[in-house]
Amino acid sequence: MNNNEIVTELETVVGERFVSNKPEVTYLYHYDFVTTEPEGKCDIAIIPGSTEEVQEIVKIANKYKIPLIPWVSGINFGSIATPRRGGIVVDLRRLNRVLEVNEDDMYAVVEGGITWADLQGYLEKNHPNLRAGITWSPPGTGVIPSCLCYGMFDLGMLGGTGAEFVNGIEAVLGSGDLVRVGSCSLSDYWYGRQPLPDLAGLFIGWEGTTGIVTKMGIKLWPKLPFREDFTGVALNMETGVPILLKLSKAGLGICDIVILNFGWGQSAQELNERDAVKDAVAANMPDFVCLITTQAYTEKQHEAQCEAIREICKKGRITLLSTEDGVEAIKPPPIQLWGCWNFSRGGGGQWIGSYCSNRDIVKYYNLSREVCLKYGKIPQFYSRIMFGGHYCVARSNVNFNKNDPNDINNARELLHEIHESVQDLGGVVMYKPPLWAVEYYKNKTLPATTELIEKIKNLLDPNNILNPGQGIGED
Ligand SMILES: Cc1cc2nc3c(=O)[nH]c(=O)nc-3n(C[C@H](O)[C@H](O)[C@H](O)COP(=O)(O)OP(=O)(O)OC[C@H]3O[C@@H](n4cnc5c(N)ncnc54)[C@H](O)[C@@H]3O)c2cc1C
């Protein structure tokens, strides 16, 4: 492949300024900034400014059969935007506009590379009565990848995963064709995916291997006038989790329930490993922390909800702290503060993040805790009860020093072992899976299901140019 020739052709699409094969530019796109995964190679980086330009880029890539990797910030924790087989990284960050906000149906139509900072800033300024579900990821990370990859927001109890916030999609297929799915395929409205065949699934969970999403309709929510953020502490997961499951099914205006262990809390406090408590259980310290957010339209409703939450927690031996108790509760982070996490431990971080049954939260924690301690790492656990208590996400994080190959290796082995051990629970499925996890799941489905996935991939991306080597759908 003659890169210069391709760059010259790409320049006719986006102009000289927005395409480059210079190593000082391309090296930024070789790897996921934080994970243990091996780096890839970006041959050319390009930053398109419109859907039409994305289409032209896809046509050129098809002509040369060169890989294309859709990319917003590449900090997804699974290395799923890492160019495994070289090629062109399509940095979508110029496509960062909010195109429309519909206050009646509460949705926003946004472009494919919009970041959380772009979206939150726009809404605060122009639609202060509405809000988006927000991640805890750094402000410069992408909204659309979070939705496409089943990310989690601080409204998970209301709306489920990011994928469930998706109303409609415009995408350029691997073939170069432009499609729209959802109500926007028949009208100017992006109010939902009903009642047509739900083709959004052709792009959700595929990690950019079927199409480049150039626009998306996403659900917004009302910002209610009354809100309380409780922080709860209990002795252990066995005590705390069942009470939160009860709360999750009790209504009470709850829009978010997060479960953390002591180790996770220490990590968020930036305590380095030397000074942190290794195992809260052995140290006889409370190893269960939770965050519960409730909101209401009227003061009376709010008081009643808070009172019920307090009562249920008290009976279940969860000690709640809130402003009303005269204790400053842990406020939800000035959101993306958490993105600065792990400076003191060497900058590396990865997780085994899985969706699973609520039944398995405590078991997941205990299994992952054992493995972390075996590898000399502080167990760091995080779980969110989702969508009114219908399922949960459970996740075990590990920090490591990016400059220490032994530490990287240790973290890698730890992650594999947690993954192996939690599979015994059944129903535990990793999201944003790194390549090895994709391989693990590949032949676990019914053969006809695997075949169907491969056929869909072939249909949408006949030359296998989109994020190839990522595994999903490749036979
Ligand atoms: C400290 C920290 C905290 C985090 N907390 C959260 C959290 O609370 N919730 C959460 O959901 N995530 C969280 N994340 C993960 C991640 O940063 C977010 O999900 C983020 O929004 C993903 O965006 P990105 O820009 O990193 O995606 P990228 O890495 O650029 O892309 C991810 C995947 O989507 C594909 N893709 C990107 N754009 C498109 C497109 N337009 N069309 C098709 N495919 C596309 C890519 O090819 C890739 O496969 C966290 C990350 C960090 C580092």
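Rules behind the numbers
Residues numbered from 1 in each chain as written. Predicted model: local features only at pLDDT ≥ 70, side-chain atom pairs only at ≥ 80, totals over all residues. Helix = DSSP H or I, 4+ residues; strand = E, 2+ residues; numbered from the N terminus. Rg over C-alpha atoms; globule rule 2.2 N^0.38 Å. Buried ≥ 20, exposed ≤ 12 C-beta atoms within 10 Å, placed from the backbone. Contact = placed C-beta atoms within 7 Å. Near = placed C-beta within 6 Å. Nonpolar A, V, L, I, M, F, W, Y, C, P; charged D, E, K, R; others polar. Pairing = 2+ DSSP bridges. Axes fitted to C-alpha atoms, helices over the stretch in contact; angles between N-to-C directions.

**Q** Whenever I open this one, the overall build of the protein chain confuses me. Can you help?
**A** Helices and strands together make up the secondary structure of the protein chain, namely 13 helices and 19 strands. In terms of C-alpha radius of gyration, the protein chain reaches 22 Å, essentially the compact-globule figure of 23 Å for 475 residues. By principal-axis analysis of the C-alpha atoms, the protein chain measures approximately 70 × 55 × 45 Å. Looking at the protein chain as a whole, 48% of its 475 residues are labelled buried. Contacts in the protein chain between residues at least 24 apart in sequence constitute 71% of all its contacts with a sequence separation of at least 6.

**Q** How should the site of the ligand be read in this particular structure?
**A** Inspection of the region around the ligand gives 36 residues, with Ser-73, Ser-137, Gly-142, Gly-151 and Gly-208 positioned closest. Counting only elements with at least two residues in the shell around the ligand, the list comes to strand 3 (68–71), helix 5 (143–148) and strand 10 (211–219). With four residues, helix 5 is the single largest residue contributor to the shell around the ligand. Considered class by class, the residues forming the shell around the ligand number 21 nonpolar, 14 polar and one charged.

**Q** What exactly am I supposed to notice about the sheet that holds strand 12 (residues 226–234) here?
**A** Within a sheet, adjacent strands bond to each other through the backbone by hydrogen bonds, running parallel or antiparallel. Taken in spatial order, the eight strands line up as 15-12-14-13-17-18-16-19 in an open sheet, and their pairing is antiparallel. The strands lining the two open edges of the sheet, one partner per strand, are strand 15 (319–321) and strand 19 (429–430). With six bridges joining them, strand 13 (residues 254–260) and strand 14 (residues 288–296) adopt antiparallel strand pairing. When the bridges of strand 14 are listed, Ile-257 appears paired with Ile-292. Running at roughly 160° to strand 14, helix 9 (residues 299–315) makes contact with strand 12, strand 14 and strand 15 of the sheet.

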